[in-house]
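Each chain is listed here by its residues.
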Amino acid sequence: MKMIIGGAYQGKVGCAAELFGIDESDMVNGSACDFEEVFSAVCIKSYHKMIARLLAEGVDPVQFTSRLCETNKDVVVIMDEIGCGIVPLVKSERVRREATGRCGCMIAKESDVVIRVICGIPTYLKGAPHEG
């Protein structure tokens, strides 16, 4: 498992394509894909949006992510960092942000490589470039 995190529009998808040789057309989009698709996907982009969709459907995102980690050990997961900044006033937004953080921690723990992308520049937080 590999994880790429960073702020919105920082070049995470491009880094996944370049570093791991994944064509963007082979990436499933967490904001629109069928939930079951992720269990066999090569790469999932916008996983943070999938978490929001799971919550909206009443599905526990932590259990779902645990299943993902057990089932699809070779997947590359791309997600935005959303836990920085001001704590949202709306409870549902706080719940979404906490769930995203918990799921991100689970994915990072299970990943061989964790990369943070800022301005298109990858920084390896876990693993090394030759392991990717």
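Residues numbered from 1 in each chain as written. Predicted model: local features only at pLDDT ≥ 70, side-chain atom pairs only at ≥ 80, totals over all residues. Heavy atoms only, no water.

Asker: How should I be thinking about the layout of surface pockets in this particular structure?
Answerer: Any empty space left between atoms is shown by rolling a water-sized probe over those atoms. Its volume calculated, the largest pocket comes out at about 250 Å³. At three residues, the largest contribution of residues to the lining of the largest pocket is made by strand 4 (residues 76-80). Within this model, the second largest pocket holds a volume of roughly 200 Å³. If you list the elements that add at least two residues to the lining of the second largest pocket, you get strand 1 (2-6), strand 4 and helix 4 (91-110). With six residues, helix 4 is the largest single contributor of residues to the lining of the second largest pocket. Looking at the lining of the second largest pocket, its residues break down into seven nonpolar, four polar and three charged. (1 Å grid on protein atoms, 1.4 Å probe; cavity = no way out; pocket = protein on both sides within 12 Å on 5 of 7 lines; lining within 4 Å. Points joined across faces, edges and corners; volume = space filled by probe spheres on them. Helix = DSSP H or I, 4+ residues; strand = E, 2+ residues; numbered from the N terminus. Nonpolar A, V, L, I, M, F, W, Y, C, P; charged D, E, K, R; others polar.)

Asker: How should I be thinking about the nonpolar core in this particular structure?
Answerer: Within soluble globular proteins, side chains that are nonpolar tend to cluster in buried spots. If you look at the biggest cluster of nonpolar residues, it comprises 24 residues, and the most contacted ones within it are Val38, Ile44, Tyr47, Met50, Phe64, Leu68 and Ile107. Sort the elements by how many residues they give to this core and helix 2 (residues 47-56) lands first, with four residues. Beyond its immediate sequence surroundings of up to four residues, isoleucine 107 is in contact with Met1, Met3, Tyr47, Thr65, Cys69, Val77 and Met79. Counting twelve residues, the second-largest nonpolar core is a separate cluster that includes Cys15, Ile22, Met27 and Val113. (Core = buried A, V, L, I, M, F, W, Y, C linked by side-chain atoms within 4.5 Å. Buried < 20%, exposed > 50% of the residue type's maximum accessible area, 1.4 Å probe, protein only. Contact = heavy atoms within 4.5 Å.)

Asker: What am I meant to see in the sheet that holds strand 2 (residues 27-29) here?
Answerer: Neighbouring strands of a sheet are bound in pairs by backbone hydrogen bonds; such pairs are parallel or else antiparallel. Taken in spatial order, the six strands make up an open sheet running 2-3-4-1-5-6, and their pairing is mixed. With one partner strand each, in any of the chains shown, strand 2 and strand 6 (121-126) form the two edges of the open sheet. On average, each strand axis in the sheet is inclined to that of its neighbour by 25°, with strand direction left out of account. Note that strand 5 (residues 113-118) and strand 6 share five bridges and pair antiparallel. Across the sheet, valine 117 pairs through a bridge with proline 122, a residue of strand 6. In the packing of helix 1 (residues 12-20) onto the sheet, the strands contacted are strand 1, strand 2, strand 3 (43-45), strand 4, strand 5 and strand 6, and the crossing angle to strand 1 comes to about 150°. (Pairing = 2+ DSSP bridges. Axes fitted to C-alpha atoms, helices over the stretch in contact; angles between N-to-C directions.)

Asker: Is there a simple way to think about the environment of asparagine 29 in this case?
Answerer: Summarising the element assignment, asparagine 29 is placed in strand 2. Judged by its relative accessible area of 27%, asparagine 29 falls in the partly exposed class. Once you skip the residues sitting within four places of it in the chain, asparagine 29 turns out to touch Lys45 and Ser46.

Asker: Honestly, helix 4 in this entry has me stumped. Any pointers?
Answerer: Owing to its 3.6 residues per turn, the α-helix aligns residues three or four sequence positions apart on the same side. If you check helix 4, its first and last C-alpha atoms are 29 Å apart, about what 20 residues at 1.5 Å a residue would give, namely 28 Å. For helix 4, the complete set of buried residues consists of Arg97, Ala99, Thr100, Cys103, Gly104 and Ile107. For helix 4, the angular spread of the buried residues around the axis is 165°, confining them to a single face. Facing away from the buried side of helix 4 by over 90 degrees, the exposed positions are Lys91, Cys105 and Lys109. (Expected span 1.5 Å × (residues − 1). Arc of directions from axis to C-beta.)

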